[in-house]
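Working through the structure, step by step
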Amino acid sequence: TLTPFVVKVTDTYGNPVGSYSVSWQIIEPGYGAILPATLTTTNSNGTTSTILTLGTKTGTYTVIAKVNELTATFTATATYGTPTYLACISGDSQKATVTTTLTPYVVKVTDTYGNSVVGHPVHWQIIESPSTATLSTATTTTGTDGTTLSILTLGTESGSYVVIASGPMDVSPLAQATFTATAAYGTPTYLACISGDSQKATVTTTLTPYVVKVTDTYGNSVVGHPVHWQ
């Protein structure tokens, strides 16, 4: 609730006009209210007032006082409230080959009413990784739309990677977003003998299996790759 908006009605010579009706109209972005009423009456000093309670949306609120064809305009600016929520916007559940730089992980910080919070720090942390992975930055700051981002580059091992974005201590427990990514093996590169080589047995004996393994450059197992035997 703001301090009162006060107008004064006078005649051509500047004399106050009492007992005169003034109508009030609010033009606002989100459920504001004016009290005590949309119609007030001037006192003996020619003044009357109303009070604006800002709504739940940020932006510029405009209140117009009107007497016949005469108007007076008041404005007020509503800013966002306490940072409350941190939500995942995009980038979750990506799948790519090892060492790939993924598309950005994007989060948004808002207040209780969903208004974007500007200039708020967000901390990024890799909490699960089968091998070394890197984030483009560990701490970022929200922009004018309340969003910020960090970029994950997968490590050299296939498997599941988990990144958490969180706000500082003044943000509610709801202000945490979790991103996951799955790293698949890269281009098949090596085929190695695992077991079965150099066996000796009598004629017509069925030997123990010859076992080979296909891996990528980093030693990750390659699944479903054809192997030809001759």
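Residues numbered from 1 in each chain as written. Predicted model: local features only at pLDDT ≥ 70, side-chain atom pairs only at ≥ 80, totals over all residues. Heavy atoms only, no water.

Considerations on the overall build of the protein
For the record, the criterion: Segments assigned H or I by DSSP are reported as helices when at least four residues long, segments assigned E as strands when at least two residues long, and all are numbered from the N terminus. Our radius of gyration looks at C-alpha atoms and nothing else; its globule reference is 2.2 Å times the residue count to the power 0.38. Contacts: residue pairs with any heavy atoms within 4.5 Å of one another. In short, Shrake-Rupley with a 1.4 Å probe defines the accessible areas, and a residue's cover is counted only from the protein chains shown. Two residue types count as positive, namely Lys and Arg, and two as negative, namely Asp and Glu; His and chain ends fall outside the count. Where a charge lies is defined by one atom per residue type: Lys uses NZ, Arg uses CZ, Asp uses CG and Glu uses CD.
When you go through the protein residue by residue, the secondary structure sums to zero helices and 19 strands. Here the protein has a C-alpha radius of gyration of 34 Å; the compact-globule value for 230 residues is 17 Å, and the former is much larger. Principal-axis analysis of the C-alpha atoms gives the protein an extent of 125 × 30 × 20 Å. For the protein, restricting intrachain contacts to residue pairs at least 6 apart in sequence, the fraction spanning at least 24 positions comes to 57%. Total accessible area on the protein is roughly 13,500 Å²; 54% of this is exposed by carbon and sulfur atoms. Once the 7 positive and 11 negative side-chain charges of the protein are each reduced to a mean point, those two points are 4 Å apart.

A closer look at a nonpolar patch on the surface
The test is simple: Two joining distances apply to patches: 9 Å for like charges and 5 Å for nonpolar side chains (Val, Leu, Ile, Met, Phe, Trp, Tyr), and every residue must have over 30% relative accessible area and no salt bridge. Salt bridge, as used here: a side-chain nitrogen of Lys or Arg that lies within 4 Å of a carboxyl oxygen of Asp or Glu.
A surface patch of nonpolar side chains, amounting to about 360 Å² of accessible area, comprises Leu-207, Tyr-210 and Trp-229. Note that Tyr-210 resides in the loop between strand E18 (190–195) and strand E19 (211–215).

Focus: the sheet that holds strand E7 (residues 70–78)
Where we set the bar: In this analysis, strands are considered paired if DSSP registers two or more bridges between them. A fitted line through C-alpha atoms serves as each axis, taken over the contacting stretch for helices, and the angle formed by two N-to-C directions is quoted from 0 to 180°.
Pairing within the open sheet is antiparallel, and its four strands lie in the order E4-E2-E6-E7. Each edge of the sheet is formed by a strand with only one pairing partner; in this case those strands are strand E4 (39–41) and E7. Ignoring strand direction, the axes of neighbouring strands in this sheet form an average angle of 25 degrees. As defined by bridge partners, strand E6 (residues 59–67) adjoins E7 across nine bridges and the pair is classed as antiparallel.

A short note on the sheet that holds strand E10 (residues 105–110)
Across the sheet, three strands lie side by side as E8-E10-E14; this open sheet has antiparallel pairing. What marks the edges here is a single partner per strand, and that holds for strand E8 (85–90) and strand E14 (147–150). Mean inter-strand twist for the sheet, computed between neighbouring axes without regard to direction, equals 30 degrees. Relative to E10, E8 runs antiparallel, the two being bridged by five bridges. Bridge assignment links Tyr-85 to a residue of E10, and that residue is Thr-110.

Looking at the environment of Ala-165
Here Ala-165 lies in strand E16 (residues 159–166). If we ignore the near neighbours within four places in the chain, the residues touching Ala-165 are Leu-86, Val-107, Val-122, His-123, Trp-124, Ala-175, Gln-176, Ala-177 and Phe-179.

Structural notes on unusual backbone geometry
As a reminder, the rule being used: Only protein chains enter the accessibility calculation, which uses a 1.4 Å probe. A residue is then buried if its area is under 20% of the maximum for its type, exposed if over 50%, and partly exposed in between.
Phi is positive for Ser-93, which is not a glycine, with a value near 60 degrees. You can see Ser-93 is positioned in the loop between E8 and strand E9 (94–97). Although it is not a glycine, Ser-198 adopts a positive phi angle of roughly 60 degrees. Positionally, Ser-198 belongs in the loop between E18 and E19. Classification of Ser-198 by relative accessible area gives exposed; the value is 64%.

Examining the packing of aromatic side chains
Stated formally: In this analysis, rings of Phe, Tyr and Trp, with Trp reduced to its six-membered ring, are considered paired at centre separations within 6.5 Å, and the interplanar angle assigns stacked below 30 degrees, edge-to-face beyond 60, and tilted for intermediate values.
As enumerated under the stated definition, the model contains four aromatic pairs in all. Judged by centre distance (4.4 Å) and plane angle (10 degrees), the ring pair of Tyr-105 and Phe-179 falls under stacked. Of the two residues, Tyr-105 sits in strand E10 while Phe-179 sits in strand E17 (residues 176–184), which places them 74 residues apart along the sequence. An identical accessibility class is assigned to Tyr-105 and Phe-179; each is buried. With centroids separated by 6.0 Å and ring planes inclined at 35 degrees, the aromatic side chains of Trp-124 and Phe-179 adopt a geometry described as tilted. Of this pair, Trp-124 sits in strand E11 (residues 121–128) while Phe-179 sits in strand E17; the two residues are 55 residues apart in sequence, bridging distant segments of the chain. Each member of the pair Trp-124 and Phe-179 is classed as buried.

Comments concerning the nonpolar core
Here is the rule: Put simply, buried Ala, Val, Leu, Ile, Met, Phe, Trp, Tyr and Cys residues joined by side-chain atoms within 4.5 Å make one nonpolar core.
Leu-86, Tyr-105, Val-107, Trp-124, Leu-152, Leu-154 and Phe-179 are the most contacted members of the largest nonpolar core, which has 21 residues in total. Elements supplying a minimum of two residues to this core: E10, E11, E16 and E17. By residue number, the principal contributor to this core is E17, which donates four residues. Not counting residues up to four positions away in its chain, the partners in contact with Leu-154 are Ala-96, Thr-97, Thr-99, Thr-100, Leu-102, Thr-132, Ala-133, Tyr-161, Ala-181, Thr-182 and Ala-183.

Fair warning: the whole summary comes from geometry, so function is off the table for now.
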